[in-house]
Structure formats: structure tokens, C-alpha cells
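Chains, contacts and geometry: an overview
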Amino acid sequence: MDHFNYKDGVLCAEDVPLTRIAAEVGTPVYVYSAATLTRHFNVFQEALEWAPDHLICYAVKANSNIAVLKLLGDLGAGMDVVSIGEYARARTAGVPGERIVFSGVGKTRKEMRLALEGGIRQFNVESEPELLALSEVAASLGVKAPIAIRVNPDVDAKTHEKIATGKSENKFGIPIARAREVYAAAASLPGIEVVGIDMHIGSQLTDLDPYRQAYAKMADLARALRADGHNIRRLDMGGGLGIPYRRDNNAPPLPIEYGQVIREAVGDLDCEIEIEPGRNIAGNAGLLLSEVIYVKRGEGRDFLILDAAMNDLIRPAMYGAHHDIVPVIESAPGTPVSAYDVVGPICESGDTFQKGTQLPPPAPGDLIAFRSAGAYGAVMSSEYNSRPLVPEVLVDGDRFAVIRPRPTLEDMLSREALPDWF
Ligand SMILES: *Cc1c(COP(=O)(O)O)cnc(C)c1O
């Protein structure tokens, strides 16, 4: 559920008409709903109510705007970060180090040191070389790094191949068959303190079965590791629960059902439970607002040329992803629709958002919105074709604020420098 609805024929973010944001901030622009972010976070809190000790570590990479992080952090969220840049964002948003977990296959020693110095809840370690490096860095600082080892359960998450992470051929984690051996090695290292187990099998999962399979393996491993003498007290179940990208489709399982799957698998182990949802919290809490520049008649098809492009929202070009495209001004019931290929102005054919979209005939200057664009939207944007980075707006009730301004051309150009021999 989200808080983007038509009121008096105009699509609104909570109580703010999108026409107002377009007029004041310009387009293209990302618009997020604070009420929706809050609601999604609270739904996960309810889903884990059975676990007295749990922490929802929002996956910062889904939407890393500091205002979004602060909103979630103030609700009690922890953060899952995958770079020292994301760590710095979380800290800037006021999230204490004890609520931040550090994931990712390629943490550098510098990142490890800065996180250890700044305060960290746990590192999710993905390889033996990383374990050794972390032990050395921690020992050099005279501390022990709390760790979970990310275990690769070799489970098919049944999602897009670019975002599946739990199969043995993927680069993530340590093969589960070797986990006991690696935990034994970890326990013997001077700079390491084993605290738990971590898994993350992929993103945009629309079926709970892969989770069931993976978490059953995690429960078995937890028992085996305890029998080996490790103090396994924390289980990080990862993120990945999918969202409905199409209004007319079967919805993916609900967080409450997902919470029960976790409970059934590991509820009897008396562990602290962590989850790392990203998309499910931010995805349907945002949309990308854009203006029609031209309607162009082609050979056997019509093109809707927008002022948003693949540099602003890359998911369709990168994953073949679908975002519902809706007009901001609701058309009267019964208005005839036509098919359009919806494209951006960028100089490649990959800059196509959708083909054959049925819309009431639009005119230049009309506003449209891409729904479900709050996650993996602005964070993946670039300045390709020298289009200044798309701005972001946060709505809360009847007020809104620009939380990342659109850079001016001067801002964009002034970041570069000529060599001194020119
Ligand atoms: C990307 C990622 C997540 C979040 O995935 P979502 O599909 O956005 O929920 C969580 N944990 C790790 C380790 C990730 O890489």
C-alpha cells in the first residue's frame, strides 16, 4: 500500500498534488512519501514482533538519501551498508554504529578501519581473505571485529539473474559446505569475534519457498556451529522480499507471511534476528515524475518522448524492469486510449521505458509518473548525456522539501578540472 492517490482528478503524494511539485521543482524529479516509508517499516516491525530481540537493518543501497535514512533511523531502523560512503550517510543521518551492519564482497582495509573506529554492529564477511584482512585491521587497532559469515546456501531465488545472489555460481558468501571449517578458522583469529550467521539470497523475490529452503539450511548450520563451540547468538536473514511492480498482478507475499517463514525456520534458536529489506521499504514509497516533451508519430507506432531518461531511471534498460506509467491528471472514465512507446531523450535505443503503453492521448507539457521508483531509482542515476542529476523531494502530509536539489549546469561543470599543462 502506498500514499499516491488521485484526489480531485490529480495524482497526489499524500496531500500534495504532483502538479505543485512539478511547478516548483521542475521535472524530472523523484518524489517520496514519508507516510509510505513509515508504514512499510512498521509492517516489518509487526512481522518480527514474535522475536523479542530483532533489528530491521534497512538496505541503504535501495535509496540512500540522508533524509530517507534519518526518517527510518528515527523509527528505530538499523542500516545495512555496503561501502564506507553508505556508512557515512547512515552516521550523518544519526544512526549509531551499533545499529549498522557492513555487507559486501570487497570491503577494503581502509573501509574496515574507518568502520571499526566509528563503531559498527557487525561485519558480514564474505571470504577467507576478507576474514584475515579484517582480523589484521582489528588487531592493529587493539579491538575484535564482531562478525557473521555470509553463507551461500546454493538456493535458486527464482528472480532476475542479475539480482540472484544465493546460487553457488554467484560471487557472494562462502559455500555452506565449507562454513564449519571457515568458522573454525575465524574463531582462531586474534581480531575476530564470531557473533552470528548471515545470508542474503537475492532481490525481488516473489515466492517464499527459496527463503524456506535457505533458512532451513541456516538453522541446521546454527546448530552445528553451536555444537562446534561457537557462540551463535545473531542471525541475519538478509533482504530481498519483492514488491508488486504491476497493480494488476498477483502481489508477492506480505512481510507478515515472510516473518512467519523466519519464525518457523529459526524461531526456536533463541537468537537475535536481523533482516535487511531495501526495496520493500522504499520501492513503492517513491515515484519518478516526468513531463512529456513531444508526441512523435513513427512508422506504425507513436513515441511519447519524456524529459526523464535511462540516466534517471535505469531499471527498464538494465533489467528489462516494468514500472507502471500513469498520467498525473486523471482522464475522464471512458476516454479512449492509444498505444505509445515511452522513451527518453538519450541517444541510444536502450533509452526505452516501455513499449505499447496504453494511455489517453497525451500532449506536450502533460505530466506522467513512473510508479514504484523509490528503490534502485535515484541511487542508480547518472549524468549520462550531461543531464544534471535528477533531484529528490520528500513529502510529509501537506508539506514537501527538496532533499537533493537539481545541480545547475555550473555545479555539474565545476566538478571537472583541466590538466595544468593545457
Ligand atoms: C541488496 C541487498 C539487500 C537488500 O535487498 P532488497 O531486495 O532491496 O531488499 C540486503 N542485503 C544485502 C546483503 C544486499 O546486498
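Computed from a prediction, not measured in an experiment: that's the story for all the values here. (Residues numbered from 1 in each chain as written. Predicted model: local features only at pLDDT ≥ 70, side-chain atom pairs only at ≥ 80, totals over all residues. Heavy atoms only, no water.)

**Side note on unusual backbone geometry**
Here Thr27 and Pro28 are connected by a cis peptide whose omega angle stands at -5°. In this structure, Pro28 sits in the loop between helix H1 (18-25) and strand E4 (29-33). (Helix = DSSP H or I, 4+ residues; strand = E, 2+ residues; numbered from the N terminus.)

**A short note on the domain arrangement of the chain**
Structurally, the chain comprises domain 1 (4-31 + 283-414) and domain 2 (34-279). A straight line from the C-alpha centre of domain 1 to that of domain 2 covers 32 Å. On the side of domain 2, 23 residues touch domain 1, which itself brings 22 residues to the contact. Around 2,100 Å² of area is buried between domain 1 and domain 2 when both sides are counted, 52% of it from carbon and sulfur atoms. The largest contributions to the domain 1 side of the interface with domain 2 come from Asn284, Tyr319 and Tyr376, which together make up 27% of the buried area. At the surface where domain 1 touches domain 2, the tally comes to one salt bridge. In this structure, Asp324 and Arg247 form a salt bridge, with 3.8 Å as the shortest nitrogen-oxygen distance. If you look at where domain 1 meets domain 2, you find 13 residue pairs in polar contact (both at pLDDT 80 or more). Looking at the side of domain 1 that touches domain 2, the elements that each hand over two or more residues are helix H11 (315-319), strand E20 (392-396) and strand E21 (399-404). (Domains from an automatic or database assignment. Contact = heavy atoms within 4.5 Å. Buried area = accessible area lost by both parts, 1.4 Å probe. Salt bridge = Lys/Arg side-chain N within 4 Å of Asp/Glu carboxyl O. Polar contact = N/O pair within 3.5 Å; in protein donor to acceptor, adjacent residues only side chain to side chain.)

**Observations concerning the site of the ligand**
The immediate surroundings of the ligand are formed by 15 residues, with Lys61, Ser203, Glu276, Arg279 and Tyr376 found nearest. Between Asp80 and the ligand, the recorded distance is 3.2 Å, taken from a side-chain N or O atom to a nitrogen atom. At a separation of 2.5 Å, a nitrogen atom of the ligand approaches a polar side-chain atom of Glu276. The protein chains hide 94% of the 380 Å² of surface that the ligand would expose on its own. A majority-of-atoms criterion places the ligand in the largest pocket. Broken down by class, the residue content of the shell around the ligand amounts to three nonpolar, seven polar and five charged. (Near = heavy atom within 4 Å. Areas by Shrake-Rupley, 256 points an atom, 1.4 Å probe, with all protein chains shown as cover. 1 Å grid on protein atoms, 1.4 Å probe; cavity = no way out; pocket = protein on both sides within 12 Å on 5 of 7 lines; lining within 4 Å. Sits in = over half its atoms within 2 Å of the grid points. Nonpolar A, V, L, I, M, F, W, Y, C, P; charged D, E, K, R; others polar.)

**Some points on the UniProt feature "modified residue: N6-(pyridoxal phosphate)lysine" (unreviewed entry) in the chain**
Sites flagged by UniProt as "modified residue: N6-(pyridoxal phosphate)lysine" (unreviewed entry) map to Lys61. Note on placement: Lys61 falls in the loop between strand E5 (54-59) and helix H3 (66-74). For Lys61, a relative accessible area of 36% corresponds to the partly exposed category. (UniProt positions renumbered as here; feature names shortened; annotations may be inferred. Buried < 20%, exposed > 50% of the residue type's maximum accessible area, 1.4 Å probe, protein only.)

**Structural notes on the pairing of strand E1 (residues 4-7)**
The pairing of E1 with strand E2 (residues 10-13) spans four bridges and is antiparallel. Paired with Asn5 across the two strands is Cys12, which belongs to E2. In this antiparallel pair of consecutive strands, E1 and E2, the connection spans two residues, and Asp8 shows a positive phi of 50°. (Pairing = 2+ DSSP bridges.)

**Some details on the pairing of strand E17 (residues 338-343)**
Relative to E17, strand E15 (residues 302-306) is paired through three bridges, and the arrangement is parallel. Note that in E17 the partner of Phe303 across the bridge is Asp341. One ladder, built from five bridges, connects E17 with strand E18 (residues 352-359); its direction is antiparallel. Residue pairing across strands places Ser338 opposite Leu359, the latter belonging to E18.

**Some points on the packing of helix H8 (residues 209-227) against helix H9 (residues 255-266)**
Running from amino to carboxyl end, H8 crosses H9 at an angle of 30°, the nearest separation of the two axes being 8 Å. Compared by their axis directions, H8 and H9 come out roughly parallel. Between H8 and H9 lies a crossing whose hand is right-handed. For the pair H8 and H9, the contacting residues are Tyr211, Arg212, Tyr215, Ala216 and Ala219 in the first and Tyr258, Val261, Ile262, Ala265 and Val266 in the second. (Axes fitted to C-alpha atoms, helices over the stretch in contact; angles between N-to-C directions. Parallel < 35°, antiparallel > 145°, perpendicular 65-115°, else oblique. Left-handed = near helix turned anticlockwise from the far one by under 90°.)

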